[in-house]
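# Examining the three-dimensional arrangement
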Amino acid sequence: MMNFEIAPTDLELYVNFLHFKLDPTLKKEGWRLPSLDELKEMYQKHKQGKYNFKDDRYMSADYDQPYYNWILNFEDGTTRHVDITESHWGRANIRLVRD
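My aim in this report is to walk through the structure given alongside it, one point at a time. All of these numbers come straight from a predicted model, not from anything done at the bench.

Each value, and the rule that gives it
Residues numbered from 1 in each chain as written. Predicted model: local features only at pLDDT ≥ 70, side-chain atom pairs only at ≥ 80, totals over all residues. Heavy atoms only, no water. Helix = DSSP H or I, 4+ residues; strand = E, 2+ residues; numbered from the N terminus. Contact = heavy atoms within 4.5 Å. Areas by Shrake-Rupley, 256 points an atom, 1.4 Å probe, with all protein chains shown as cover. Buried < 20%, exposed > 50% of the residue type's maximum accessible area, 1.4 Å probe, protein only. Polar contact = N/O pair within 3.5 Å; in protein donor to acceptor, adjacent residues only side chain to side chain. Salt bridge = Lys/Arg side-chain N within 4 Å of Asp/Glu carboxyl O. Pairing = 2+ DSSP bridges. Axes fitted to C-alpha atoms, helices over the stretch in contact; angles between N-to-C directions.

Now for the overall build of the protein. From N to C terminus, the protein includes 2 helices and 7 strands. Going residue by residue from the N terminus, the α and β elements of the protein occur as β-β-α-α-β-β-β-β-β. Across the protein, the fraction of contacts at a sequence separation of at least 24, relative to all contacts at a separation of at least 6, is 65%. With an accessible surface of roughly 6100 Å², the protein has 48% of that area assigned to carbon and sulfur atoms.

Take a look at the structure:
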């Protein structure tokens, strides 16, 4: 059971992780990047045809080393630990969540 709200749409950008800064207004409203576990729950909703996600990579807030974040591919459900300094892997869609 999800204990968070999913934004109705992606942010209107395909962002490089290194340059992503959450808009202060969105932050004040409680929006944030989802954890990898939250993304996995969102992927299950995507498979059910809910929330209008793209079949593409989505960025999580989770990392375990500087410059390495986790992404989840909504096309096939795979996760990848990516070097965000690389131009190809360092980009993904963003769908915010809030508690």
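Let us now look at the side chain of Asn-93. In this structure, Asn-93 sits in the loop between strand S6 (91–92) and strand S7 (97–98). Asn-93 gets classed as buried once you look at its relative accessible area, which sits at 2%. For Asn-93, the side chain forms a polar contact with the side chain of Asp-56, separated by 3.2 Å.

Let us now look at the pattern of salt bridges. Scanning the model with the defined rule gives 5 salt bridges in all. Between Asp-10 and Arg-95 there is a salt bridge, with the nearest N and O atoms lying 2.6 Å from each other. With Asp-10 in the loop between strand S1 (5–6) and strand S2 (15–16) and Arg-95 in the loop between S6 and S7, the pair connects residues that are 85 residues apart, well separated along the chain. The exposure classification of Asp-10 matches that of Arg-95, with both residues buried. As a salt-bridge pair, Asp-99 and Arg-32 come within 2.8 Å of each other at their nearest N and O atoms.

A word on the sheet that holds strand S5 (residues 79–83). Whenever strands of a sheet pair, they do so through backbone hydrogen bonds, lying parallel or antiparallel. Taken in spatial order, the 3 strands of this open sheet run S3-S4-S5, and their pairing is antiparallel. Among the strands making up the open sheet, the edge pair consists of strand S3 (57–65) and S5. Across the sheet, the mean angle separating the axes of adjacent strands is 35° when strand polarity is ignored. Relative to S5, strand S4 (residues 68–73) runs antiparallel, the two being bridged by 5 bridges. Across the sheet, the residue bridging to Asn-69 is Val-82, located in S5. Where helix H2 (residues 36–47) meets the sheet, its contacts fall on S3, S4 and S5, and the angle it forms with S4 comes to roughly 10°.

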